[in-house]
Amino acid sequence: MTLLDLQDLQKSYGALAVTQNFSMSVEQGDLVGILGPNGAGKTTLFNQITGTVKPDHGEVWFDGEMVTQMDASKRCQMGIARSFQVPHPFVGMTVYENILVGATFGRSSFDPRKQALEIMDKTGMDDKANQLAGSLTLLDRKRLEMARALAADPKLLLLDEIAGGLTDSECVSLLNTIREVHETGVTIIWIEHVVHALMSVAKRLVVVDFGRKVTEGDPETVMNSPEVKSIYMGEDAA
Amino acid sequence: MEWINVIVQGVLIGGLYALFAAGLSLIFGVMRLVNIAHGDFIVGAAYLAMVTITMTGLHPLLSLVIVVPLMAAIGYAIQLGLLNRVLGDDILPPLIVTFGLSIILQNVLLTTFSADSQKLNAGALEIGSIPVLPGVDIGYMPLLTFVAAVAIIAGLQFLFYRTSMGRAFRATSDDGEIAQIMGLDNRKVFAWAMALSMAVVAVAGVFLAIRANFDPFMGPSRLIFGFEAVIIGGLGNLWGTLIGGIILGVAQGIGAQIDPGWQLLAGHIAFLVILAVKPRGLFPRID
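Residues numbered from 1 in each chain as written. Chains lettered and ligands numbered in written order. Predicted model: local features only at pLDDT ≥ 70, side-chain atom pairs only at ≥ 80, totals over all residues.

**What about the sheet that holds strand β8 (residues 187-191) of chain A?**
All names here are of chain A.
Inference 1: Here we have 6 strands laid out as an open sheet, ordered β6-β7-β8-β3-β9-β10, and mixed in their pairing. Two strands lie at the open edges of the sheet, namely β6 (80-82) and β10 (212-217), each paired on one side alone. Taking the axes of each pair of neighbouring strands and ignoring which way they run, one obtains an average angle of 20 degrees across the sheet.
Inference 2: Bridge analysis of β6 against strand β7 (residues 156-160) gives 3 bridges, and the strand direction is parallel. What sits directly across from Ile80, in β7, is Leu156.
Inference 3: Sitting on the sheet, helix α1 (residues 42-50) touches β3 (31-35), β6, β7, β8 and β9 (204-209), and the angle it makes with β7 is about 150 degrees. (Pairing = 2+ DSSP bridges. Helix = DSSP H or I, 4+ residues; strand = E, 2+ residues; numbered from the N terminus. Axes fitted to C-alpha atoms, helices over the stretch in contact; angles between N-to-C directions. Contact = placed C-beta atoms within 7 Å.)

**Thoughts on the UniProt feature "transmembrane region" (unreviewed entry) in chain B**
Residue and element names in this part refer to chain B.
Inference 1: Summarizing the sequence annotation, UniProt attributes the feature "transmembrane region" (unreviewed entry) to residues 6-29, 41-58, 64-83, 95-115, 138-161, 189-210, 230-250 and 262-283 in the numbering used throughout.
Inference 2: End C-alpha to end C-alpha, residues 6-29 measures 33 Å, and it is 100% helix and 0% strand.
Inference 3: Taken end to end, residues 189-210 comprises 100% helix and 0% strand; its first and last C-alpha atoms sit 32 Å apart. (UniProt positions renumbered as here; feature names shortened; annotations may be inferred.)

**Description of the nonpolar core**
Residue and element names in this part refer to chain B.
Inference 1: Formed by 157 residues in total, the largest nonpolar core has its most connected members in Leu19, Ala45, Ala46, Ala202, Val203 and Val206.
Inference 2: The leading source of residues in this core is helix α9 (residues 186-211), at 19 residues.
Inference 3: With residues near it in sequence (within four places) discarded, Ala46 still touches Gly205, Val206, Leu208, Ala209 and Phe214. (Core = buried A, V, L, I, M, F, W, Y, C linked by C-beta atoms within 7 Å. Buried ≥ 20, exposed ≤ 12 C-beta atoms within 10 Å, placed from the backbone.)

**Here's the deal with unusual backbone geometry**
Inference 1: One non-glycine residue, Asp153 of chain A, adopts positive backbone phi at about 55 degrees.
Inference 2: Relative to the helices and strands, Asp153 of chain A resides in the loop between α5 (138-151) and β7.
Inference 3: For Arg32 of chain B, which is not glycine, the phi dihedral falls at a positive 50 degrees.

In structure tokens, the structure reads:
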């Protein structure tokens, strides 16, 4: 079943086209990696999926509903959650409260406290529960980003460069968490520059440049494609 | 003994100023909105209580049962229908809109109720007092006002830090865009905050109207007292706001004791001195 369907999205800021004729569909249970150089429009794409940016043209379908003009908060309640490249915790709240916000106002909120405690356990944040989020290290802020997004109980989890700046061992533990989350049935779209991390979990890669989809397919094929070589190595896409 | 009395009465009136200030502080904290019409809403609540009492014959304090939810509903509606439309990165539009609301409200009150001053009569509560020391008596009403202020601030504090509505307020205040992505509809959160602020305004209005005469034009000066209490205490700190109200009340009392004409001046001077020494107030919120 198709969970997310982007149809011919277009978005410009003045003369700068950040998304051009972008279509993509993601099946339930997929784990899709998005690759592309800086400024290619990957994060803007996420913003159009979550609803903070509305496309100039095109449609966003989620879980069988057209959500193109729907408010971001409603989309979260439908099951879309994301993490940010630069972590944005609620700095004046504790780690537990940050996660509790996600658990209370996200998709399912049957027992937010229990849910928050489980998420803290799963993401290894429990020892920092009562620390103010503003005082966390970068690594912990990144973990909190993920934890808070998971607390919203998403069907679709969008990860924006969550592995950037991590050491190898931190990256391994992050990958394990991502695999676990994916195994519980959460569909994941992951923007990442750390290609080996992405390759190790993604079932499918989508390459974006200048706001367009350049190519997509299984990771091996995509990484060896002339388009990707052209973007990353400067080789001619002959 | 005279001076002890001055200070005791000043502390008690500080409770009323804290009531003026609490709603103002709450709104600024949640949505960075400076509500210029806040004082006029307080006066408006006093008139609403007056009408309620005329119609039902209720005691002024019991009229709160009607006035509080009514004011909260008005706050919710004004936020959804008007203020949410002008809130944004620029703080000027909401400032101008609330300034306009202030003028409209004053004139509506004037045409409806005339410029005559009014007062709510709380009966025996107004004259009774408890003697605590020779020459120092605590009136029932001032005591009740102070207790109400402490209770409301304690209640707001509990709400902010212990309930999911409070977490919604704090998350939205912290980062509105992220809160939106986490499933919080900012417009509704703001509307609830305004409803809560107006509920406090209703209490402030009724206590004001029992204590002294009110007329359609006294809102702006109540706004100033509220502002001063908020700023003395430190922005975003509700207990600080209570201390701010008390400092203002005591300063006014001391001024009045020296010379009756100095009452207001002494309060403003205390405010200016604190602003000069500690520009962020005495207990600014730690962020």
